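What the coordinates show
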Amino acid sequence: MRTHIKRITSIVDEIMTYLLLENFSKLSVSVEPKGKSTKLHFISENDSMTQKQLDEILATLNQPRQIELETYYWTLVGESGVDMSLNVVGRMIDSAHGYLENGSIVLILHREEVE
């Protein structure tokens, strides 16, 4: 369980870093654990985000999850605080959805705990 929580916080950190570097503002995050799954919900204001850019983000995040890569990655990185890329986040989550609404981007990520 501790490992799962550490991975969730690293995913949150990476998405927040990405959004802030892309000039998003007023970032809100909610983490909703539900049994063995976790829903991550990000809302951030950015009037310049296009649907094409959002589609590219979602395509990167919706790569098939690879437990082996995730395990290998965490063995190498451990708790060093090294930044991940969206590609690595995409391999650590089960799905990502998003949409643009009133000058904001909404991203919803799902991750299942793996035994």
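See the structure printed just above.
Now for a look at the structure at hand.

A few words now on helix 1 (residues 2-21). Turn by turn, an α-helix covers 3.6 residues, leaving residues three or four places apart pointing in a common direction. The first and last C-alpha atoms of helix 1 sit 29 Å apart over 20 residues, in line with the 28 Å expected at 1.5 Å per residue. All buried positions along helix 1 are accounted for by H4, R7, I8, I11, V12, E14, I15 and L19. One face of helix 1 carries all of its buried residues, which in axial projection span an arc of 165°. Opposite the packed face of helix 1, turned more than 90 degrees from it, sit the exposed residues R2 and L21. Immediately downstream of helix 1, the backbone of N23 shows phi near 65°, a positive value.

Another point: the environment of V114. Of note, V114 is situated in the segment after strand 4 (104-112). For the pair V114 and I67, spaced 47 residues apart in sequence, the C-alpha separation works out to 8.3 Å. The residues touching V114, leaving out its near neighbours within four places in the chain, are R65 and I67.

Our next topic: the sheet that holds strand 3 (residues 95-101). With respect to topology, four strands assemble into an open sheet ordered 1-2-4-3, the strand pairing being antiparallel. Each edge of the open sheet carries a strand with a single partner, namely strand 1 (25-34) and strand 3. For this sheet, the mean inter-axis angle between neighbouring strands, taken without regard to orientation, is 10°. Sheet topology places strand 2 (residues 37-45) next to strand 4; nine bridges connect them, and they run antiparallel. Its bridge partner lying in strand 4, S44 is registered against I105. The strands touched by helix 2 (residues 51-61) within the sheet are strand 3 and strand 4, with strand 3 carrying the most contacts at an inclination of about 170°.

This brings us to the pattern of salt bridges. Per the stated rule, a full pass over the model turns up three salt bridges. One salt bridge connects E45 with K26, and the closest N-O pair in it is separated by 3.9 Å. With a gap of 19 residues between them, E45 in strand 2 and K26 in strand 1 connect regions that are remote in the sequence. Of the residues examined, E45 reaches a relative accessible area of 33% and is grouped as partly exposed. Looking at K26, the relative accessible area reads 66%, which means it is exposed. Salt-bridge contacts for E32 lead to K34; the nearest nitrogen and oxygen are separated by 4.0 Å. Judged by its relative accessible area of 24%, E32 is partly exposed.

Parameters and conventions
- Residues numbered from 1 in each chain as written.
- Predicted model: local features only at pLDDT ≥ 70, side-chain atom pairs only at ≥ 80, totals over all residues.
- Heavy atoms only, no water.
- Helix = DSSP H or I, 4+ residues; strand = E, 2+ residues; numbered from the N terminus.
- Expected span 1.5 Å × (residues − 1).
- Buried < 20%, exposed > 50% of the residue type's maximum accessible area, 1.4 Å probe, protein only.
- Arc of directions from axis to C-beta.
- Contact = heavy atoms within 4.5 Å.
- Pairing = 2+ DSSP bridges.
- Axes fitted to C-alpha atoms, helices over the stretch in contact; angles between N-to-C directions.
- Salt bridge = Lys/Arg side-chain N within 4 Å of Asp/Glu carboxyl O.

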